[in-house]
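Descriptive structure summary
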Amino acid sequence: MPDGVILARFGGDEFGAVALGDDAQLVLEAFATAIIDALVAPVQTAEHYLSVGVSIGIAFGHAGEHSGNELLRRADIAMYRAKKDKREPIQIFHAEMDEGLNFRRTMRQGLEEALSGNQLDLHLQPVVDARNGTLTSAEALLRWTHPLLGPISPAKLIALAEESGQIVAVDDWVLERALQHIKQLGDVPVAINISPVQFRRRDFARKIVDRLEAHGVSPGQLRLEITEGVLVTHTRAAGRAIAELREAGIKIALDDFGTGYSSLSYLKDFGFDFLKIDRGFIRALDDGRQGAELLRAIVDLGHSLSMRVIAEGVETAEQAGAVQLFGCDYIQGYFTGRPMPIDQFQDWQANAAVRELHSLAPHKPDIGNLGYQVSQVVK
Ligand code: C2E
Ligand code: CA
Ligand code: CA
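The rules we used
Residues numbered from 1 in each chain as written. Chains lettered and ligands numbered in written order. Predicted model: local features only at pLDDT ≥ 70, side-chain atom pairs only at ≥ 80, totals over all residues. Heavy atoms only, no water. Core = buried A, V, L, I, M, F, W, Y, C linked by side-chain atoms within 4.5 Å. Buried < 20%, exposed > 50% of the residue type's maximum accessible area, 1.4 Å probe, protein only. Contact = heavy atoms within 4.5 Å. Helix = DSSP H or I, 4+ residues; strand = E, 2+ residues; numbered from the N terminus. Expected span 1.5 Å × (residues − 1). 1 Å grid on protein atoms, 1.4 Å probe; cavity = no way out; pocket = protein on both sides within 12 Å on 5 of 7 lines; lining within 4 Å. Points joined across faces, edges and corners; volume = space filled by probe spheres on them. Nonpolar A, V, L, I, M, F, W, Y, C, P; charged D, E, K, R; others polar.

Details of the nonpolar core
Residues I208, L231 and F272 are the most contacted members of the largest nonpolar core, which totals 78 residues. When near neighbours in sequence (up to four residues on either side) are disregarded, I208 contacts L175, I194, L222, L224, L245 and I250. Counting ten residues, the second-largest nonpolar core is a separate cluster that includes V5, L28, F31 and I58.

This is the structure we're talking about:
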C-alpha cells in the first residue's frame, strides 16, 4: 500500500482504494499498475499454474464536487468497462461511459416493454426461385419500433438482448410469431434466425420440435438460419442440435457464408441444406470479373456438397442476371422483394403471377457490365 491510500474490501472479490491530495491521480494510477503487475503472474501450485484476472476502475473528483457514493458508482462503471475490455484492465471513468450505461439500461427496460406490448413485429422477405421468380420460402426478420426512438435495427436489438439475457425471450417470441405466420401463409416455408447463445441451451432442439407439434406445423415448414460463429464457439453442442433438428425434418441454412471463417470442414461435417451467400459477394459483382469468379466458385462449392445456394442482397437486375447465370438456386433481395409485414407479403404473393412476367425473366444478364465473356461462363 502506498502511503495515504485507504484500502477496503467491499465483499467477495471486490476491493476499493481511496487516495486524497493533489497527487492522488498519480498515486492511484501507479498503485493500479502495481496491482496488475503483482497479480497477473501465474501462481504455481503442486500441479497447476493458476492465473487471476483483475479489473480496475478509477474515478476522480474534487472536494465538495461529488458525494462518496457518486465516486464509488463511477469507479464501479469504469471497473465494469475494464471487465469487458480484456486488453485494458485499468479504466478511468469519463462521462461517456455513464451515458452508454444509462442508454443500455433504458433500452433494456424498453425491450422488456416491447416484449410484453406490441412494439415488435416479424417481417417476411421473399426468397424466390432464381430460374423463374416463383416464391419458394420467406425469411422472418425482427422489427422493433420504439415509441420514442423509432425503428431500432435488429442487429442492435439482438446484441442488446444477448448482453442482457433477454435473448431467450426474444427468440421465443420470434419462434411463436413465425409459427403463426406459417399457419397463416399455408404452404410457404419460413426461415428464422437463430442466435448463437441458443446453442448453450441443451433443450434447444427439443423445444423447437415441441413448439412445432403444439402448433400443428409440419417440420418441413420451418427453417433455421445459423451463422458460422456458432460452429466455432459451440462446435459439439451445435453439431448435436443440428443433427437432432435435421432428423426431425427441419432444414438448416448456413447464413452469411463468406464473411466469417468459411471453413470447408464445417461445411462438410455439419451437413446444411442451404448455403446463403453473403450480400458482400453480390455487391462485389459490380466491381467486375473477380467478384463474378468468386461467386461462381462458391455456388459450385455449395452444389458439390449437395446444398442449395441462396444469393442474398440482390438489389439490381444486373445482379439477378449474374446470379442466375452462375447457377444460384434462389434469390433474396430488394430486387425481388423487401422484408414486409405479413399482410403486405400476402398481397405480394397474390401479385406474383403478374410480376414474374415482368421482373426476372425479361432481364437478360448484362454480361458487358460484368466485364465478362459469355463463352467463359456458359457451362
Ligand atoms: P441476416 O440474417 O443476414 O438478414 C438479412 C439482412 O439483409 C436483413 O437485414 C435484410 O433486411 C437485409 N436485406 C435483404 N435484402 C437486402 C438487399 O437487397 N440489400 C440490402 N442492403 N439488404 C438486404 P435486417 O433485417 O436489418 O437484419 C439484420 C440482421 O439481424 C440479420 O441478418 C440477422 O442476423 C439479425 N436478425 C434479424 N432478425 C432476427 C431474429 O429474429 N433473430 C435473430 N437471432 N437475429 C435476427
Ligand atoms: Ca438470415
Ligand atoms: Ca444473411
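So much for the structure itself; the text now carries on.
A word on unusual backbone geometry
A positive phi angle is found at D256, which is not glycine, with a value near 55 degrees. Judged by relative accessible area, which is 25%, D256 ranks as partly exposed. Although it is not a glycine, S306 sits at a positive phi angle of roughly 60 degrees.

A word on helix α3 (residues 95-116)
Given a rise of 1.5 Å per residue, 22 residues ought to cover 32 Å, and the 32 Å separating the end C-alpha atoms of α3 matches this to within 8%. For α3, the set of buried residues is M97, D98, M107, G110, L111, A114 and L115.

Some words on the layout of surface pockets
For the largest pocket, the calculated volume is near 1,300 Å³. Along the wall of the largest pocket there are 40 residues; nearest its centre are F15, G16, A17, G57 and A75. For the lining of the largest pocket, the elements supplying multiple residues, two or more each, are β1 (6-11), β2 (14-18), α1 (24-40), β5 (56-58) and α2 (68-84). For the lining of the largest pocket, the leading source of residues is α2, giving eight residues. Of the residues belonging to the lining of the largest pocket, the class tally is 25 nonpolar, nine polar and six charged. In this structure, the second largest pocket encloses a volume near 910 Å³. Lining of the second largest pocket is provided by 32 residues; of these, E139, L141, P154, N193 and D255 occupy positions nearest its centre.

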